[in-house]
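Spelled out from the first residue to the last, the chains are:
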Amino acid sequence: MAGRRSDTRERIQQVALDLFVHQGYEKTSLREIAERLEVTKAALYYHFRTKEDIVASLLDDLAVSVDEVLEWARAQEDPAGTRQELIRRLAALIGGRYGAVMRLWQENQPALKDFHDRNPLVARMKELMTIITAGERDPAALLRGRLALAALVMGNAPQMWEDTPVEEPGKVALEVALDLVSPRGRPAGDAT
């Protein structure tokens, strides 16, 4: 029975996320989510009382996945030597379901401003940037490291490619991010 409840929760999250991303957080109602799921609002309320609860659950789930990547990164003896693998692991997260969560966050910032202080991702993203730029003192290298994370997020966003269709945007984003964290003087293609 616990499995069914978890499946229902995930189904609600996915439907809500699709609606939030395609029509905006503010323009999506719980009634619409329930209708799309073909359940009553009461059934939806059993799992989530508000849209905010749904967003919080999506951010919490993403935070758990980011924690797994962070745990791996913290365990590495040479953080500078693991930048590329860290970028690959983050690309896999962002290229999957969590890319939509990040798009939701980016595209609905005014509506989600109250989440900023309690967003479980803010501190984690700062730690990821610290790990990616570990040991760097050169301002340009620090900026490249931070831009690598931004490249992963932005490169997976569909609106990034509206004017220039790209078959595999995640692959392009990963290539750029890896180039950004490659040691200076190394040809860009060597990063992969």
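Residues numbered from 1 in each chain as written. Predicted model: local features only at pLDDT ≥ 70, side-chain atom pairs only at ≥ 80, totals over all residues. Heavy atoms only, no water.

With numbering aligned to this structure, UniProt lists the feature "DNA-binding region" (unreviewed entry) at residues 29–48. Between the C-alpha atoms that bound residues 29–48 the distance is 13 Å, and the span itself is 75% helix and 0% strand. (UniProt positions renumbered as here; feature names shortened; annotations may be inferred. Helix = DSSP H or I, 4+ residues; strand = E, 2+ residues; numbered from the N terminus.)

Moving on, we come to the packing of helix α5 (residues 83–95) against helix α7 (residues 121–132). Following both chains from N to C, one finds α5 and α7 inclined at 150°, their axes separated by 10 Å at the closest point. By the angle between their directions, the pair α5 and α7 is classed as roughly antiparallel. Contact with α5, carried on its side by R83, L86, I87 and L90, involves L128, I131 and I132 of α7 and no other residues of that element. Across the contact of α5 with α7, the residue classes tally to six nonpolar, no polar and one charged. (Axes fitted to C-alpha atoms, helices over the stretch in contact; angles between N-to-C directions. Parallel < 35°, antiparallel > 145°, perpendicular 65-115°, else oblique. Contact = heavy atoms within 4.5 Å. Nonpolar A, V, L, I, M, F, W, Y, C, P; charged D, E, K, R; others polar.)

Counting residues in each nonpolar core, the largest one holds 52 residues, and the members touching the most others are I33, I54, L86 and L104. Ranked by residues supplied to this core, first place goes to helix α4 (residues 51–74) with eleven residues. Counting residues domain by domain, this core receives three or more from each of domain 1 (1–49) and domain 2 (51–181). In contact with L104, not counting residues within four places along its chain, are L17, F20, V21, Y25, V55, L58 and L112. (Core = buried A, V, L, I, M, F, W, Y, C linked by side-chain atoms within 4.5 Å. Buried < 20%, exposed > 50% of the residue type's maximum accessible area, 1.4 Å probe, protein only. Domains from an automatic or database assignment.)

Moving on to the domain arrangement of the protein chain. Domain parsing of the protein chain yields domain 1 (1–49) and domain 2 (51–181). On a C-alpha basis, the centres of domain 1 and domain 2 stand 25 Å from each other. Every contact between the two is made by 18 residues of domain 1 and, on the other side, 17 residues of domain 2. Summing the contributions of domain 1 and of domain 2, the shared interface buries around 1,500 Å²; its carbon and sulfur component is 64%. The interface formed by domain 1 and domain 2 contains one salt bridge. For the interface between domain 1 and domain 2, the tally reads eight residue pairs in polar contact (both at pLDDT 80 or more). (Buried area = accessible area lost by both parts, 1.4 Å probe. Salt bridge = Lys/Arg side-chain N within 4 Å of Asp/Glu carboxyl O. Polar contact = N/O pair within 3.5 Å; in protein donor to acceptor, adjacent residues only side chain to side chain.)

Quick look at the environment of A100 now. Relative to the assigned elements, A100 resides in helix α6 (residues 97–107). Among the residues examined, A100 registers a relative accessible area of 12% and is labelled buried. When the C-alpha positions of A100 and H22 are compared, they lie 10.0 Å apart, and in sequence the two are 78 residues distant.

Once that is clear, we can look at the packing of α4 against α7. The geometry of α4 relative to α7 is characterised by a closest axis approach of 10 Å and an angle of 25° between their N-to-C directions. On the basis of the axis angle, α4 is roughly parallel to α7. The two elements α4 and α7 cross, and the hand of that crossing is left-handed. Contacts between α4 and α7 involve L59, L62, A63, V66, D67, L70, A73 and R74 from the first element and L121, R124, E127, L128 and I131 from the second. (Left-handed = near helix turned anticlockwise from the far one by under 90°.)

This part is about the confidence of the model for the protein chain. Here the protein chain averages 86 in pLDDT, while 90% of its residues score no lower than 70. Looking over the protein chain, one finds the lowest element-wise mean pLDDT in α6, namely 82, and the highest in helix α2 (residues 30–37), namely 96. Across residues 187–192, confidence stays below pLDDT 50; counting only partners more than four residues off in sequence or on other chains, it has nine contacts. (pLDDT = per-residue confidence, 0-100.)

What follows deals with unusual backbone geometry. Of note, E38 is a non-glycine position whose phi angle comes to about 60°, a positive value. Within the fold, E38 resides in the loop between α2 and α3 (41–47). Under the relative-accessibility criterion, E38 is labelled exposed at 74%.

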